[in-house]
Amino acid sequence: MSKAKRPVVIRQQRTDGKAHWNRLLWAAAIAVALAAWIAYGRALHGPFVFDDIYLPMFEPPRSLASWMSGVRPVLMLSYWLNFQASGLEPFSYHVGNLALHLANSALVYLIVLRLLEWSRPDERRGEYKQRMAALFAAAVFLLHPLETESVAYVAGRSEALSVLFAWGAYALFLYRRERAVTLPVAAGVVVLFGLGVMSKEHIAVLPALLLATDYYWNPGFKLEGIRRNWKLYVPLGAAAAAGLSIVFRVLSGSDSAGFHLDQITPARYFFTQCRVIWVYVRMFVLPVGQNADHTFPLSKSILDHGAIFGLAALAGLAVAAWMIRKRFPLASFGVLVFLLLLAPTSSFVPIQDMLAERRTYLPMLGLLLVVADLVARWKASPQVAGVTLCAVAAALAAATYQRAAVWTSEVALWEDVTAKEPASPRAQFQLGFAYYQAGRCQEAASAYERAKTFTAKPQARLWVDWALALDCAGKPEEALAMLDREKTRYGDGHLYATLGMIAGKQGMAERALEALATAEQLNPNNEMIYFYRGNVFMTRARYAEAVAAYQKMLAIKPDVPGGREALAVALRQAGGGR
C-alpha cells in the first residue's frame, strides 16, 4: 500500500511546485508591467514632437475613408480612433503606444517560450527555467531604452502596431495544434500579415521568417515542413508580392526613402549598413549614446569608414551561426532572425537616415532569442538567477526612465540631440524651431545662426524662421535686413511674405505691400499672403481692400486661425457688418 501511495505524494508535490512557480512568474510579470508604466511615465505626459505635427489629426480629413486612403490605412485608423476619443490631447496617444508595447511584450514571451520548448525538447524539469528565460526576454524587450523612441514618439506607432500584427501571426503559426498548417490557421496568419503590412511595409519580411522557422524546427533542418505547409505559403506568397509592390512604390515615390536619393546609391547604403548593424548590436548590449537624430557618415565605397570590416564581421557571424545550428539551434536561429528582420531597412534599399533606433523594434526578437538561450543554459541556482535577472531588468528600466525624459518636450528632445551632434544643421534648426515655439526667441535665433554655420547651402526656410525669431526677440530691423539681403537669391514666395509681414508690423506699408505682391506672383495659393495684406490695409484704414484680402484668404483655406475674426472686424469697419 505504501508503494501505491508514493506516486500520489510526488504528484501532489509537483502540483504544489508548479502552482508556486506560476505564482512567482505572474508576480514577476505584473512587476515588470508596473516598471514599464513608471519607466515610460514621464513621456506619457509629453507633447507631440518633431514629425508628430504632420500626422493627419492636425489637419483632420472629413471622412474615415479619407483618413485611411494612404499606404498605411490600419495605422491611420488607430490615429482616427485616438482623435475621436480625445482630439489633440497627446496623453491618449502615448497611452495607446504603451498599450501596444505591452501587448507586443506578451507576444514576445509566448514566441520565445515556444521556441525554447522546441530547441530543448528532451530537457526534463526545465519548464520553469524556460518560462523564466522567456519572461526575461519579454522584460528586456519591454524595458530596453532602445525601444523608447518607438513608444514615446507618437509617429513611432507604426513600429509597435505593425509588430503587434506580425507577432500575432507568428504566435498563431507557432502554437498551431498540428505540424501541418490548417486552413483556418493559414487564413488567420494571412489576415494578420495583411494588417501588419497596412500598418508599416517592413512586415513584408514575415513570410521569410515563417520559412526559416519551418526549416529550423519542422522537423529540423529539412524542407519537409515547408512542403507540408503549402496551404499557408501559396496565399502568403501572393500577399507578400502585393506587399512588396506597395513597398517599392512607396520607396520610389518618397523623398526620404527610395532609389533616387542624392549621393545614396543602393551599394553605398549597403556598405554603410554593414557598420550601422554593429551599432545596433552595441546599443542593445550597452545602451549608451542614444540619439533621436543620429548623424552617421555614408560609406561611399567598401573601404570607406571601415565598411569592409563590418561586412566581414557580418559574414563571419552568419557562418558561425550556421556552424553551431545543431548544438545551439536557438542562438543560431536568433542570429538569422535578427539579420533577416533588419533586411527591409538595413540592406540595399536606400533610406535618408542611415541610422534610426526605432528600426530595432522588429529585429530585436532575434537578439532576445540569443539571450533566452543563454539564460536557459545558465546553470546558476534559481535564487542567483532570479536576483541577477531582476537586477538587469531594473537597470534597463532605470535607463529607460532617464531616456524617456528626452521626450517630455520638443526643447528637451533637440537639446539632447544637439548636445551629442552639435554640428548637425538639422538638429540646430529643429532646436531653433522648438525654442521659437516655446517663446524663447533669442535662443531660437542663436540656434538658427548655428544651423546656418553648419549648412553648406541654406534653404529659404532657414532664413524665414531665423527672421521670425529675430522679430520675436525684438530685432525687426535685423530680420528685415536679412530678408532683403537673401530675397533675390532664392525668389521664394514664403520669404517675401514674411518680409511683408514684418515690414507691415513696423508701419512700412508700401514696402510691405510691394513684398506681398511679389510673394503673390511666386505663390498665389499661400493664404497667409492675403492675411498679411489685409492686416496692412487695416492699419491704413483701407477697410474695403482689407475685406477683399481676408475673403481671398478664407477662399483658399477656410480655417486659418484668426481669419474669420479678422474679416468680421474689417466688415464692421467698412460699414458692412453682419
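What you see is a predicted model; the values in this text were computed from it and never measured. (Residues numbered from 1 in each chain as written. Predicted model: local features only at pLDDT ≥ 70, side-chain atom pairs only at ≥ 80, totals over all residues. Heavy atoms only, no water.)

Engineer: Kindly report on the overall build of the chain, identifying the contributing residues and their values.
Structural biologist: From N to C terminus, the chain includes 27 helices and 0 strands. In terms of overall dimensions, the chain has a C-alpha envelope of 110 × 55 × 45 Å along the principal axes. Across the chain, contacts joining residues at least 24 apart in sequence account for 69% of those joining residues at least 6 apart. As displayed, the chain offers around 27000 Å² of accessible surface, 62% of which is attributable to carbon and sulfur atoms. Across the chain, the mean location of the 59 positive side-chain charges is 13 Å away from that of the 43 negative side-chain charges. (Helix = DSSP H or I, 4+ residues; strand = E, 2+ residues; numbered from the N terminus. Contact = heavy atoms within 4.5 Å. Areas by Shrake-Rupley, 256 points an atom, 1.4 Å probe, with all protein chains shown as cover. Lys, Arg positive; Asp, Glu negative; His and termini not counted. Charge placed at Lys NZ, Arg CZ, Asp CG, Glu CD.)

Engineer: Let's hear about the state of the cysteines: which residues, and what values?
Structural biologist: Enumeration over the complete set of coordinates arrives at 1 disulfide. Residue Cys-441 pairs covalently with Cys-472 via a disulfide, S to S 1.8 Å. As the torsion about the S-S bond is roughly 40 degrees, the Cys-441-Cys-472 disulfide counts as right-handed. Taken together, the positions of Cys-441 in helix α20 (residues 441-453) and Cys-472 in helix α21 (residues 460-472) put the pair 31 residues apart, joining distant regions of the chain. With relative accessibility at 42%, the residue Cys-472 sits in the partly exposed group. (Disulfide = S-S within 2.5 Å. Buried < 20%, exposed > 50% of the residue type's maximum accessible area, 1.4 Å probe, protein only.)

Engineer: Would you mind going over the pattern of salt bridges in detail, with residue names and values included?
Structural biologist: Tallying each qualifying case throughout the model produces 23 salt bridges. When the shortest N-O distance is used, the salt bridge between Asp-353 and Arg-426 registers 2.9 Å. In this pair, Asp-353 is assigned in the loop between α15 (329-342) and α16 (364-377) and Arg-426 in helix α19 (residues 425-437), connecting sequence segments 73 residues apart. On the accessibility criterion, Asp-353 (22% relative accessible area) is partly exposed. (Salt bridge = Lys/Arg side-chain N within 4 Å of Asp/Glu carboxyl O.)

Engineer: I'd like a description of the environment of Leu-146, backed by residues and values.
Structural biologist: Considering the arrangement of structural elements, one finds Leu-146 in the loop between α6 (127-143) and α7 (148-152). For the pair Leu-146 and Val-288, spaced 142 residues apart in the sequence, the C-alpha separation amounts to 9.2 Å. Setting aside residues up to four positions removed in sequence, Leu-146 forms contacts with Tyr-280, Met-283, Phe-284, Gln-290, Glu-357, Thr-360 and Met-364.

Engineer: Go over the side chain of Ser-119 with me, naming the residues and quoting the values.
Structural biologist: Among the structural elements, Ser-119 can be located in helix α5 (residues 90-119). Discounting chain neighbours no more than four positions away, the residues touching Ser-119 are Trp-217, Pro-329 and Leu-330.

Engineer: Got a sec to walk through the nonpolar core? Specific residues and values, please.
Structural biologist: In this structure, Trp-167, Tyr-170 and Phe-333 are the most contacted members of the largest nonpolar core, which totals 175 residues. Ranked by residues supplied to this core, first place goes to α6 with 12 residues. (Core = buried A, V, L, I, M, F, W, Y, C linked by side-chain atoms within 4.5 Å.)

Engineer: Please provide a residue-by-residue account of the environment of Phe-193, values included.
Structural biologist: Mapped onto the secondary structure, Phe-193 falls in helix α9 (residues 183-197). Linking Phe-193 and Ala-166, residues 27 residues apart in sequence, is a C-alpha distance of 5.9 Å. Not counting residues up to four positions away in its chain, the partners in contact with Phe-193 are Ala-169, Ile-203, Ala-204, Leu-206, Pro-207, Leu-236, Ala-239 and Ala-240.

Engineer: Report on the environment of Phe-531, specifying residues and quantitative values.
Structural biologist: Mapped onto the fold, Phe-531 is located in helix α25 (residues 527-539). Looking at Phe-531, the relative accessible area reads 14%, which means it is buried. Sequence-wise, Phe-531 and Phe-50 are 481 residues apart; in three dimensions their C-alpha atoms are separated by 27 Å. Those residues in contact with Phe-531, other than ones at most four positions away along the chain, are Tyr-550, Met-553, Val-560, Pro-561, Gly-562 and Ala-566.

Engineer: Just give me the short version of the packing of α6 against α16, but keep the residues and values in it.
Structural biologist: Relative to each other, α6 and α16 sit at 145 degrees, their axes nearing to 9 Å. As α6 runs across α16, the sense of the crossing is right-handed. Of the residues in α16, those touching α6 at Lys-129, Ala-133, Phe-136, Ala-137, Val-140 and Phe-141 are Met-364, Leu-368, Val-371, Ala-372, Val-375, Ala-376 and Arg-377. Tallied by class, residues from the contact of α6 with α16 come to 11 nonpolar, no polar and 2 charged. (Axes fitted to C-alpha atoms, helices over the stretch in contact; angles between N-to-C directions. Left-handed = near helix turned anticlockwise from the far one by under 90°. Nonpolar A, V, L, I, M, F, W, Y, C, P; charged D, E, K, R; others polar.)

Engineer: Mind laying out helix α23 (residues 493-505), listing which residues take part and the relevant values?
Structural biologist: Taking 1.5 Å of rise per residue, 13 residues should cover 18 Å, and α23 covers 18 Å from first to last C-alpha, within 8% of that figure. Counting buried positions along α23 gives 11 out of 13 residues, so the element sits mostly inside the fold. Among the residues of α23, Gly-493, Leu-495, Tyr-496, Ala-497, Thr-498, Leu-499, Gly-500, Met-501, Ile-502, Ala-503 and Gly-504 are the ones counted as buried. Packed against the buried residues of α23 are α21, α22 (476-490), α24 (509-522) and α25. For α23, the capping residue at the N-terminal end is Asp-492, with a side-chain oxygen 3.0 Å from the backbone nitrogen of His-494. Directly beyond the C-terminal end of α23, a positive phi value near 80 degrees is found at Gly-507. (Expected span 1.5 Å × (residues − 1). Polar contact = N/O pair within 3.5 Å; in protein donor to acceptor, adjacent residues only side chain to side chain.)

Engineer: Just give me the short version of the confidence of the model for the chain, but keep the residues and values in it.
Structural biologist: When the pLDDT values of the chain are averaged, the result is 90; 91% of them are 70 or greater. When the criterion is pLDDT under 50, residues 255-260 qualifies, and its contacts beyond four places in sequence or with other chains add up to 22 contacts. (pLDDT = per-residue confidence, 0-100.)

Engineer: If you had to explain the side chain of Thr-498 to someone new, which residues and values would you point to?
Structural biologist: Position of Thr-498 among the secondary structure elements: in helix α23. Accessibility expressed as a relative area gives 2% for Thr-498, which makes it buried. In this structure Thr-498 touches Val-464, Leu-468 and Leu-483, once residues within four positions along its chain are discounted.

Engineer: Describe the packing of aromatic side chains, and please don't skip the residues or the numbers.
Structural biologist: Summed over all chains, the structure comprises 20 aromatic pairs. Centroid distance Trp-67 to Phe-83: 5.6 Å. Interplanar angle 40 degrees. Geometry classified as tilted. Taken together, the residues Trp-67 in helix α3 (residues 64-67) and Phe-83 in helix α4 (residues 73-86) connect sequence positions 16 residues apart. For Trp-67, a relative accessible area of 4% puts it in the buried group. Pairwise contacts between aromatic rings join Tyr-215, Tyr-216, Trp-217, Phe-221, Trp-322 and Phe-333 into one cluster. Lying over the aromatic face of Phe-173, Arg-176 brings its terminal NZ or CZ to 4.4 Å of the ring centre. (Phe/Tyr/Trp six-rings, centres within 6.5 Å; stacked < 30°, edge-to-face > 60°. Lys NZ or Arg CZ within 6 Å of the ring centre and 35° of its normal.)

Engineer: Describe a nonpolar patch on the surface, and please don't skip the residues or the numbers.
Structural biologist: A contiguous nonpolar patch, built from Trp-37, Ile-38, Phe-91 and Tyr-401 and spanning about 400 Å² of accessible area, is present on the exposed surface. Mapping Ile-38 onto the fold places it in helix α1 (residues 2-39). For Ile-38, a relative accessible area of 56% gives the class exposed. (Patch = residues over 30% accessible without salt bridge, like charges linked within 9 Å, V, L, I, M, F, W, Y side chains within 5 Å.)

Engineer: Run through the packing of α19 against α20, naming residues and quoting values.
Structural biologist: In contact at an axis separation of 8 Å, α19 and α20 are set at 165 degrees when each is read in the N-to-C sense. Between α19 and α20, the crossing angle belongs to the class labelled roughly antiparallel. For the pair α19 and α20, the sense of crossing is left-handed. Here Pro-425, Gln-428, Phe-429, Leu-431, Gly-432, Phe-433, Tyr-435 and Tyr-436 of α19 come into contact with α20, specifically with Cys-441, Glu-443, Ala-444, Ala-447, Tyr-448, Arg-450 and Ala-451. Residue composition of the contact of α19 with α20, by class: 11 nonpolar, 2 polar and 2 charged. (Parallel < 35°, antiparallel > 145°, perpendicular 65-115°, else oblique.)

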